[in-house]
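Geometric and topological summary
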Amino acid sequence: MNKYSFKRMFWSYTFCVAPVFILCGILSFFNIKAMYFNDTPVYGIKALIISILSTPFFGLIWAFFNWLMLRFGGFLYDNFLILTNKSKTGQPNL
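In this text the structure is predicted, and so the values were computed from the model without any measurement.

The subject of this paragraph is the overall build of the protein chain. Each helix and strand counted, the protein chain has two helices and two strands in total. For the protein chain, the α and β elements follow one another from N to C terminus as α-β-β-α. For the protein chain, buried positions account for 23% of its 94 residues. Across the protein chain, contacts joining residues at least 24 apart in sequence account for 47% of those joining residues at least 6 apart. Roughly 7400 Å² of accessible area belongs to the protein chain as shown, and the carbon and sulfur atoms make up 72% of that amount.

Of note, Thr14 is situated in helix H1 (residues 6–29). The sequence separation of Thr14 and Leu60 amounts to 46 residues, and the corresponding C-alpha distance is 7.5 Å. Apart from the residues within four sequence positions on either side, Thr14 is in contact with Thr55, Pro56 and Gly59.

Quick look at the environment of Tyr13 now. Inspection of the secondary structure puts Tyr13 in helix H1. For Tyr13, a relative accessible area of 25% gives the class partly exposed. Taking the C-alpha atoms as reference points, Tyr13 and Thr55, 42 residues apart in sequence, are found 9.1 Å from one another. If sequence neighbours within four positions are ignored, Tyr13 has contacts with Gly59, Trp62, Ala63 and Asn66. Engagement of the side chain of Tyr13 in a polar contact is seen with the side chain of Asn66, the distance being 2.4 Å.

Reading guide: rules and limits
- Residues numbered from 1 in each chain as written.
- Predicted model: local features only at pLDDT ≥ 70, side-chain atom pairs only at ≥ 80, totals over all residues.
- Heavy atoms only, no water.
- Helix = DSSP H or I, 4+ residues; strand = E, 2+ residues; numbered from the N terminus.
- Buried < 20%, exposed > 50% of the residue type's maximum accessible area, 1.4 Å probe, protein only.
- Contact = heavy atoms within 4.5 Å.
- Areas by Shrake-Rupley, 256 points an atom, 1.4 Å probe, with all protein chains shown as cover.
- Polar contact = N/O pair within 3.5 Å; in protein donor to acceptor, adjacent residues only side chain to side chain.

And the structure:
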C-alpha cells in the first residue's frame, strides 16, 4: 500500500481550495473584488472562468510538493531507523 497517495492528496487539496477560488470568482464576476491573472486585474465572466480553471492547477502544485516532501522525509526516516539498528516494529535488526 502506498503510504502517501498522490491521488488522494490531489483531490483533498483541490476540494480544499475550490470554495475559496469559486467565491473569489463570484466576487470578481460582480465587480466586487478583482481576480489577478498575470498581474492584471480581471473582472466578469473571464475572472469566473479563470478561478474555476485554476482550482485543479493549484491542487496539483500543492499535492506534488507535499507528496514530494513526505516521500523524502519517509525515506530519510526509514534510513535513520536502519542506521540506528531498529526496525519499524521497534525490535533491533539482527
